[in-house]
Amino acid sequence: MFLDLITVKVKLFAIYQEVYQQDEITLKIPQKSQVKDILNVIFEQKPELAKWGKITKLAVNLEFVNPNFVIKHGDEIALIPPVSGG
């Protein structure tokens, strides 16, 4: 069965940005995907990031959301792990 895909922009911060060596990526994912599905794609691409999954804050269009939040075409997802300053 053919799934309709949507395009989303994923903003990367801290360790995510360091590993990808860029500050955002664009993904095509199935319609009705949840934010946690984005994390799963990220962890498939970069398994070393999986350890950050449980402590990463998730935001869609500048609003914090839970992992079950359903994303739509054109949404901007931000992955925000804990950061420290100094």
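The shown structure was predicted, so the numbers you read here are calculated from the model rather than taken from an experiment. Along each chain, residues carry numbers from 1 onward, in the same order as the chain's sequence is written. Local features in this predicted model are restricted to residues of pLDDT 70 or higher, and side-chain atom pairs are both shown and tallied only at a pLDDT of 80 or more, whereas totals for entire chains, interfaces and linings draw on every residue. Based on all heavy atoms of the structure, the side-chain values leave hydrogens and waters out of the count.

Student: Any chance you could explain unusual backbone geometry here in plain terms?
Tutor: Excluding glycine, a negative phi dihedral is what most residues carry, and trans is how most peptide bonds are arranged. Although it is not a glycine, Q21 sits at a positive phi angle of roughly 60 degrees. For L62, which is not glycine, the phi dihedral falls at a positive 70 degrees. Residue placement: L62 occurs in the loop between β3 (57-60) and β4 (63-64). Helix numbering and strand numbering both begin at the N terminus, where a helix is a DSSP run of H or I of at least 4 residues and a strand a DSSP run of E of at least 2.

Student: In this structure, what is going on with the sheet that holds strand β5 (residues 76-80)? I would like to understand it.
Tutor: Strand pairing within a sheet occurs via backbone hydrogen bonds; the two strands may be parallel or antiparallel. Across the sheet, 5 strands lie side by side as β2-β1-β5-β3-β4; this open sheet has mixed pairing. In this open sheet, the two strands that pair with only one neighbour each are β2 (24-30) and β4. What makes two strands pair is DSSP finding at least two bridges between them. Sheet topology places strand β1 (residues 5-12) next to β5; 4 bridges connect them, and they run parallel. Following the sheet pairing, L12 is matched in β5 by L79. By definition in these notes, contact holds between two residues if any of their heavy atoms fall within 4.5 Å. Axis definition: a line fitted to C-alpha atoms, over the contacting stretch in the case of helices. Angles run 0 to 180 degrees between N-to-C directions. Across the sheet, helix α2 (residues 35-45) is in contact with β1, β2, β3 and β5; its angle to β2 comes to roughly 115 degrees.

Student: Even after reading the chapter, I still don't get the packing of aromatic side chains, so can you show me in this structure?
Tutor: The description of two aromatic rings rests on the distance between their centres and on the angle between their planes. Planes of paired rings set the category: under 30 degrees apart is stacked, over 60 is edge-to-face and the rest tilted, where pairs are Phe, Tyr or Trp rings (Trp by its six-membered ring) whose centres lie within 6.5 Å. Under the counting rule described, the total for this entry stands at 0 aromatic pairs. Geometrically, a lysine NZ or arginine CZ counts as sitting over a ring once it is within 6 Å of the ring centre and also within 35 degrees of the ring normal. The ring of Y20 has K46 sitting right over it, with the charged end atom 5.1 Å from the ring centre.

Student: I'm lost on the nonpolar core in this one. Help?
Tutor: Looking at soluble globular proteins, one finds that nonpolar side chains tend to be buried together. Residues V8, V10, Y16, I38, I42, I71 and L79 are the most contacted members of the largest nonpolar core, which totals 21 residues. Those elements that provide at least two residues to this core are β1, α1 (14-20), β2, α2, β3 and β5. With 5 residues, the top contributor of residues to this core is α2. If we skip the residues at most four places from it in the chain, L79 touches V10, K11, L12, F13, Y16, L39, I42, T56, K57 and L58. Here, nonpolar core refers to any group of buried Ala, Val, Leu, Ile, Met, Phe, Trp, Tyr and Cys residues whose side-chain atoms link them within 4.5 Å. Relative accessibility decides the category of a residue: with a 1.4 Å probe and only protein chains considered, values under 20% of the type maximum give buried, values over 50% give exposed, and everything between is partly exposed.

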